[in-house]
Amino acid sequence: MKRDQFQKLCRDTLKGNDFSFSQAVLPEVKKYLKKENKEKLPVIWLETNDSGDNNIAFMNTTYPYLDRVFEDIIDLWYSNTFMAAQGINALDILEKTAEKYAHEYTLVVEGAVPLKYNGLFNVLGYSKDYIIAAKNAVRWFGKHAKYVVAIGTCASFGGPTAARPNITGSVSVSEILDRAVINVSGCPVNPEWFVGTLAHLLMYGMPELDNLGRPALFYGFTVHRHCQRRSYFDNNNFAQEIGDSECMFSLGCSGPRTGADCPYRMWINHVSWPVKVNTPCIGCTNKDFPDGSSPFFTPLPKKSGSKKEDSGKEQDS
Amino acid sequence: MSKKYIVFSPITRLSGLLSADVVLDEGTIIEAYASSTMFRGFEYIMRNRHVTDAVYMTQRVCGICSIAHGAAASYLLDKIFENEIPDNAQYLRNIMFGSDFLQNHIRHFYLFSLPILSGCRINLLFTGRT
Ligand code: SF4
């Protein structure tokens with residue numbers, strides 16, 4: 001498949017709920033690896049300050065299912081969540097991988113990086129002689145990686161971890177690395193955004209990024225643009241309370257300033273998404289989430305923390 | 001007699017970061033310390049927010065058991081606002097909570113516990129490939 005064909009498939013608004021994008025990923029990657037005689041994408045996955053929700057969301061990937069991703073798309077050498085090795089063996093693998101695949105591996109960082117107190121608010125592992133603070137690990141492994149992918153809003157922009165008052169002094173991955181970081185934001189991330197990004201990196205290299213460093217393939221349009229309740233919005237029919245079938249702008253929906261393809265990609269095997277289950281979008285892919293979206297049930301113009309320039313997406317009409 | 005101090009870090013295959021320090025005395029564990037080596041200060045993050053935000057914000061405490069936190073927050077709201085919720089709403093909550101419980105256990109068993117039970121030779125994984 002040509003690069004632009006693949007990208008078109010990622011972007012196609014009609015293809016969300018008939019699985020054609022996700023079903024295409026695996027065969028394409030396999031074909032590519034065979035044809036080009038290439039190896040799978042070597043990945044080091046560091047978990048820092050977050051809730052572990054992104055690896056959970058990643059486990060929910062369907063077509064390709066999780067085992068297929070591991071078997072056919074990526075070589076996951078180090079991951080606190082998925083690896084069998086423990087203790088010193090695990091750190092050994094981390095070290096050897098970084099050596100063997102220097103400047104070839106993809107670094108996936110899940111979570112924000114706390115800087116206060118020498119980064120001791122997040123320690124990946126320790127022994128009697130050393131402490132591996134996330135701050136130092138992300139800097140070091142980030143320097144020697146081919147690509148750096150920040151998965152989730154915490155890693156991409158600080159997210160809930162860096163929400164006020166942010167007593168741990170957490171920042172996003174891009175803030176401590178002096179290089180391009182691919183921000184696959186979302187709280188949690190949609191597995192298709194992540195697997196799609198990995199497939200793109202493997203086959204075509206760096207995807208096109210938007211002004212917030214996110215793959216434009218998945219974050220290019222606002223939620224509002226393709227929302228099923230959009231005609232209610234355009235006709236000024238607003239919900240009075242949760243459970244009404246009209247537009248939930250009146251109940252604090254952040255859809256108009258949130259870039260994501262939830263309305264057609266949907267979640268958990270393409271079953272549903274927040275507005276479909278009667279709850280307003282809380283803008284979890286935004287740079288200023290969660291403070292910029294809160295109070296979640298207050299209409300957009302009255303939200304306390306909302307700053308238009310922070311949302312990364314102009315209000316489209 | 002001689003005491004032995006063992007650091008086991010990191011413990012993998014769980015949600016979050018965990019390490020354990022153990023003191024052995026002639027093969028018997030006499031002291032054990034578990035440390036979860038990450039801190040975000042959610043108690044502080046929750047302060048000064050609108051009370052209805054709790055349902056969504058607390059779900060960010062943990063990725064694998066988010067509904068438990070969300071459910072606790074919504075019960076709290078019911079208390080504060082003295083809500084009488086309809087039976088169906090209660091059923092719905094229970095079903096959601098039950099499903100969350102299920103996925104939690106299935107995930108834990110198959111992805112997190114099974115590699116150890118299957119006796120896979122973990123330290124050979126890398127050397128076998130290189
Ligand atoms: S404001 Fe929200 S509910 Fe209304 S149309 Fe936009 S995205 Fe949909």
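Residues numbered from 1 in each chain as written. Chains lettered and ligands numbered in written order. Predicted model: local features only at pLDDT ≥ 70, side-chain atom pairs only at ≥ 80, totals over all residues. Heavy atoms only, no water.

A. How the structure looks around the overall build of chain A. Looking only at helices and strands, one finds 14 helices and nine strands in chain A. Here the C-alpha radius of gyration of chain A, 20 Å, is about what a compact globule of 317 residues would show, namely 20 Å. Over its C-alpha atoms, taken along the principal directions, chain A stretches across nearly 60 × 50 × 30 Å. Counting across all 317 residues of chain A, residues that qualify as buried make up 62%. For chain A, contacts bridging at least 24 residues in sequence account for 73% of all contacts bridging at least 6. Here chain A contributes 35 positively and 35 negatively charged side chains, and the mean placements of these two sets differ by 3 Å. (Helix = DSSP H or I, 4+ residues; strand = E, 2+ residues; numbered from the N terminus. Rg over C-alpha atoms; globule rule 2.2 N^0.38 Å. Buried < 20%, exposed > 50% of the residue type's maximum accessible area, 1.4 Å probe, protein only. Contact = heavy atoms within 4.5 Å. Lys, Arg positive; Asp, Glu negative; His and termini not counted. Charge placed at Lys NZ, Arg CZ, Asp CG, Glu CD.)

B. Structural context of the overall build of chain B. Scanning chain B from terminus to terminus reveals five helices and three strands. The N-to-C order of helical and strand elements in chain B reads β-β-β-α-α-α-α-α. Here the C-alpha radius of gyration of chain B, 21 Å, is well above what a compact globule of 130 residues would show, namely 14 Å. Taken along the three principal axes of its C-alpha coordinates, chain B extends 60 × 35 × 30 Å. For chain B, the proportion of its 130 residues judged to be buried stands at 36%. Counted over contacts in chain B with a minimum sequence separation of 6, partners at least 24 positions apart contribute 27%. When the accessible surface of chain B is totalled, it reaches about 8100 Å², and 62% of it is carbon and sulfur. Computed over 12 positive and 11 negative side-chain charges, the inter-centroid distance for chain B is 12 Å. (Areas by Shrake-Rupley, 256 points an atom, 1.4 Å probe, with all protein chains shown as cover.)

C. Examining the confidence of the model for chain A more closely. In the predicted model, chain A carries a mean pLDDT of 89, and the fraction of residues at 70 or more is 93%. Counting interchain partners and residues more than four positions distant, the pLDDT-below-50 stretch residues 306-317 of chain A has 25 contacts. (pLDDT = per-residue confidence, 0-100.)

D. Highlighting the packing of aromatic side chains. Residue and element names in this part refer to chain A. As enumerated under the stated definition, the model contains 21 aromatic pairs over all chains in all. Taking the centre distance of 6.0 Å and the plane angle of 85° together, the rings of Phe58 and Phe82 count as edge-to-face. Within this pair, whereas Phe58 is found in helix H3 (residues 53-59), its partner Phe82 is found in the loop between strand S2 (74-79) and helix H5 (87-100), the two being separated by 24 residues in sequence. Exposure remark for Phe58: the relative accessible area of 0% places this residue in the buried category. Residue classification places Phe82 among the buried positions, given a relative accessible area of 14%. With a centroid separation of 5.3 Å and 70° between ring planes, the pair formed by Phe70 and Phe82 is classed as edge-to-face. With Phe70 in helix H4 (residues 66-73) and Phe82 in the loop between S2 and H5, this residue pair connects regions lying twelve residues apart in the sequence. On the basis of relative accessibility, which here comes to 22%, the residue Phe70 falls in the partly exposed class. By the ring-pair criterion, three or more aromatic residues cluster together here, those being Trp45, Phe58, Phe70, Phe82 and Phe194. (Phe/Tyr/Trp six-rings, centres within 6.5 Å; stacked < 30°, edge-to-face > 60°.)

E. Seen up close, the interface of chain A and chain B. Taken together, the contact pairs 57 residues of chain A with 48 residues of chain B. A per-residue breakdown of the area chain A buries against chain B is headed by A:Asn80, A:Gln86 and A:Tyr126, which together make up 15% of the total. For the interface between chain A and chain B, the tally reads one salt bridge. We note a salt bridge from A:Asp291 to B:Arg49, for which the minimum N-O separation is 2.8 Å. Viewed at the interface, chain B and chain A are joined by 24 residue pairs in polar contact (both at pLDDT 80 or more). The residue makeup of the side of chain A that touches chain B, split by class, is 30 nonpolar, 18 polar and nine charged. (Buried area = accessible area lost by both parts, 1.4 Å probe. Salt bridge = Lys/Arg side-chain N within 4 Å of Asp/Glu carboxyl O. Polar contact = N/O pair within 3.5 Å; in protein donor to acceptor, adjacent residues only side chain to side chain. Nonpolar A, V, L, I, M, F, W, Y, C, P; charged D, E, K, R; others polar.)

F. Layout of the sheet that holds strand S2 (residues 18-25) of chain B. Residue and element names in this part refer to chain B. Pairing is antiparallel in the open sheet, where three strands are placed in the order S1-S2-S3. The sheet is open, and its two borders are formed by strand S1 (3-11) and strand S3 (28-35), each paired with just one other strand. Sheet twist, expressed as the average angle between the axes of neighbouring strands with direction ignored, equals 15°. Pairing of S2 with S3 involves seven bridges; the strand directions are antiparallel. Bridging from a neighbouring strand, Asp21 pairs with Tyr33 of S3. (Pairing = 2+ DSSP bridges. Axes fitted to C-alpha atoms, helices over the stretch in contact; angles between N-to-C directions.)

G. Inspection of the domain arrangement of chain B at higher detail. Domain annotation of chain B identifies domain 1 (3-35) and domain 2 (42-127). For domain 1 of chain B versus domain 2 of chain B, the distance between C-alpha centres works out to 27 Å. (Domains from an automatic or database assignment.)

H. A look at the sheet that holds strand S1 (residues 41-47) of chain A. Residues and elements named next belong to chain A. Spatial strand order, S2-S1-S3-S7-S9: five strands in an open sheet with parallel pairing. Strand pairing shows two members of the sheet lacking a second neighbour, S2 and strand S9 (182-184), which therefore form its edges. The average angle at which neighbouring strand axes cross in this sheet is 25°, direction not considered. Bridge count for S1 against S2 is five bridges, and the pairing is parallel. Looking across to S2, one finds that Leu41 is bridged to Ile74. In this fold H4 packs onto S1 and S2, with an angle of close to 105° to the strand it touches most, S2.

I. Quick peek at the domain arrangement of chain A. All names here are of chain A. Split into domains, chain A comes out as domain 1 (3-219) and domain 2 (222-317). Each of domain 1 and domain 2 has a C-alpha centre, and the two are 26 Å apart. Between domain 1 and domain 2, the contact holds 31 residues from the first and 22 residues from the second. Here domain 1 and domain 2 share an interface that buries about 2200 Å² over both sides, 54% of which is from carbon and sulfur atoms. Here Arg265 and Glu192 are joined by a salt bridge, their closest N and O atoms 3.0 Å apart. At the junction of domain 1 and domain 2, the tally comes to twelve residue pairs in polar contact (both at pLDDT 80 or more). Every element with two or more residues in the side of domain 1 that touches domain 2 is listed here: helix H1 (3-11), helix H2 (20-36), helix H8 (153-157), helix H10 (191-204) and helix H11 (216-219). Looking at the side of domain 1 that touches domain 2 residue by residue, the class counts come to 14 nonpolar, twelve polar and five charged.

J. The nonpolar core, seen in detail. Residue and element names in this part refer to chain A. Of all hydrophobic cores here, the largest spans 56 residues; its most connected members are Ile73, Trp193 and Phe194. Sorting elements by how many residues they give to this core places H10 first, with nine residues. Among the nonpolar cores identified, the runner-up in size contains 32 residues, and Leu107, Val109, Val148 and Val181 belong to it. (Core = buried A, V, L, I, M, F, W, Y, C linked by side-chain atoms within 4.5 Å.)

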